[in-house]
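Descriptive structure summary
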Amino acid sequence: MLGNFHDNVNLLSKLTLKKIWNAIQVVISYIYSRISNKPTHFGNPVSVSIEPTTSCNLRCPECPSGLRSFTRPTGMLHPDLFEKIVTEIGDRLMYLLFYFQGEPYLHPQFIDLVKIASQKNIYTATSTNAHYLSNENARKTVESGLDRLIISIDGVTQESYESYRVGGDLEKVIEGTKNVIKWKNKLNKKKPYVIFQFLVVKPNEHEIEKVKFLGKELGVDKVAFKTAQIYDYEGGSPLIPDNQVYSRYKFNPIKGKFLIKNRFFNHCWKMWHSCVITWDGKVVPCCFDKDAHFVLGNLNKDYFNNIWKSKEYINFRKSIINGRKHIEMCKNCTEGTKVWT
């Protein structure tokens, strides 16, 4: 509870009049666009995900990075490109997530990238499988100014953990978590805000209470439960949990197949408040475009504001308003199905 308070205070401390005004513009733009059915935008994104790398050490079964199934190239974000991005949009940006696909800590200069953003007073976060949180990396992470550290821990036994995190070692995850908590205490730091993220799948759904206990025992600030995206879900999957609270899908006996539980609307808040930038500078609409099929611009060739207000972006937002069900990546989108405890 105290950690949550400190995290909120930390986020608020990074606000400026320019960031607040930009957020107001984004909300007004979204509301007006929904009412008028015209894709209008007055501001800049308040949240951006930047991909340090597509490389990963694990082979998770529903992840393009883990499956090595990308049609786009694997590589590392260049520091010069990153500096260009945060220089252009950092003064209005509230939240920067160092993650899209891949394992961020495989980037040799990842912690240096965090420092650059932190020095610009941007709230920073990352998501990691925690296999590279050695004692040294944990110390550097705490010292870097990183505000939020999301650790994927999808099981409390090696058997359940590796049923999804194929090739992973649960002991390394626990050890890495201990290292971060240790250095927070040693350096008397309130951040990063450490979150255990538990992807609920059938092999681990019986461990929900156990991971809560483990998180409390280790001293993490929050335990979050996330529903799993399944690519070929209609025929069912051994990963779909029985507990409907933590499932994105529900079997429809009339149609004889699994369907997404959420209602489908012709709008998307993400298209107004955020975007994703790949390691090689491509701007794509959101985290569901894992293979970068909908490239709206390239930051190696253009300025962010030109891309954000471009004809391509306007047309994409318009296509969302006119018929989101016709966009392939949107068909499996269940935004808002993360359960926090």
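Residues numbered from 1 in each chain as written. Predicted model: local features only at pLDDT ≥ 70, side-chain atom pairs only at ≥ 80, totals over all residues. Heavy atoms only, no water.

1. Brief notes about the pattern of salt bridges
Across all of its chains, the model carries 14 salt bridges by this definition. Linking R148 and D7 is a salt bridge whose minimum nitrogen-to-oxygen distance equals 2.6 Å. Here D7 lies in helix α1 (residues 2–13) and R148 lies in strand β4 (residues 148–152), a separation of 141 residues in the sequence. The pair formed by R148 and D7 is uniform in burial state, with each residue classed as buried. (Salt bridge = Lys/Arg side-chain N within 4 Å of Asp/Glu carboxyl O. Helix = DSSP H or I, 4+ residues; strand = E, 2+ residues; numbered from the N terminus. Buried < 20%, exposed > 50% of the residue type's maximum accessible area, 1.4 Å probe, protein only.)

2. Topic: the confidence of the model for the chain
On average, residues of the chain carry a pLDDT of 92, and 97% of them reach 70 or more. Of the regions scoring below 50 in pLDDT, residues 336–341 engages in 18 contacts with residues more than four places distant in sequence or in other chains. (pLDDT = per-residue confidence, 0-100. Contact = heavy atoms within 4.5 Å.)

3. Here's the deal with the layout of surface pockets
Roughly 370 Å³ of volume is contained in the second largest pocket. In terms of lining, the second largest pocket is formed by 15 residues, of which the most central are Q229, Y231, F288, E328 and M329. Residues belonging to the lining of the second largest pocket are distributed by class as follows: six nonpolar, four polar and five charged. (1 Å grid on protein atoms, 1.4 Å probe; cavity = no way out; pocket = protein on both sides within 12 Å on 5 of 7 lines; lining within 4 Å. Points joined across faces, edges and corners; volume = space filled by probe spheres on them. Nonpolar A, V, L, I, M, F, W, Y, C, P; charged D, E, K, R; others polar.)

4. Regarding the nonpolar core
The biggest cluster of nonpolar side chains holds 87 residues, and the ones touching the most others in it are F82, L96, F196 and I277. The contacts of I277, once residues within four sequence positions are left out, are V48, S49, I50, E51, I85, K282, V283, L299 and F304. (Core = buried A, V, L, I, M, F, W, Y, C linked by side-chain atoms within 4.5 Å.)

5. Observations concerning the packing of aromatic side chains
Aromatic rings considered in pairs are described by the distance between their centres and by the relative angle of their planes. For the coordinates displayed, the defined rule picks out 13 aromatic pairs. Ring geometry for F98 and F110: centres 5.6 Å apart, planes at 85°, overall edge-to-face. Residue F98 is found in strand β2 (residues 95–98), and its partner F110 is found in helix α5 (residues 110–119); the two are separated by twelve residues along the sequence. Comparing F98 with F110 shows no difference in burial state: the two are buried. Measuring from ring centre to ring centre gives 5.0 Å for W308 and Y313, while their planes differ by 70°; the resulting arrangement is edge-to-face. In this pair, the class of W308 matches that of Y313, namely buried. Note that K186 overlies the ring of W183, its terminal NZ or CZ placed 4.9 Å from the centroid. Against the face of W272 rests R317, its NZ or CZ located 5.9 Å from the ring centre. (Phe/Tyr/Trp six-rings, centres within 6.5 Å; stacked < 30°, edge-to-face > 60°. Lys NZ or Arg CZ within 6 Å of the ring centre and 35° of its normal.)

6. Topic: a nonpolar patch on the surface
Among the surface-exposed residues, L17, I20, W21, I24, I28 and F42 lie close enough to one another that they form a single nonpolar patch of about 620 Å² accessible area. Positionally, I24 belongs in helix α2 (residues 17–36). On the basis of relative accessible area, I24 is assigned to the partly exposed category, the value being 38%. (Patch = residues over 30% accessible without salt bridge, like charges linked within 9 Å, V, L, I, M, F, W, Y side chains within 5 Å. Areas by Shrake-Rupley, 256 points an atom, 1.4 Å probe, with all protein chains shown as cover.)

7. Notes on the packing of α5 against helix α6 (residues 135–144)
The contact between α5 and α6 brings their axes to 9 Å, and the two run at 15°. Taken together, α5 and α6 sit at an angle that is classed as roughly parallel. In terms of crossing hand, the pair formed by α5 and α6 is left-handed. Two secondary-structure elements touch here, α5 through I111, V114, K115 and S118 and α6 through N137, K140, T141 and S144. Looking at the contact of α5 with α6, its residues break down into two nonpolar, four polar and two charged. (Axes fitted to C-alpha atoms, helices over the stretch in contact; angles between N-to-C directions. Parallel < 35°, antiparallel > 145°, perpendicular 65-115°, else oblique. Left-handed = near helix turned anticlockwise from the far one by under 90°.)

8. Description of unusual backbone geometry
The peptide bond linking K191 to P192 adopts the cis configuration, its omega dihedral lying at 10°. Assignment of secondary structure puts P192 in the loop between α8 (170–186) and β5 (193–200). You will see that A130, though not glycine, has its phi angle at about 70°, which is positive. Summarising the element assignment, A130 is placed in the loop between β3 (123–128) and α6.

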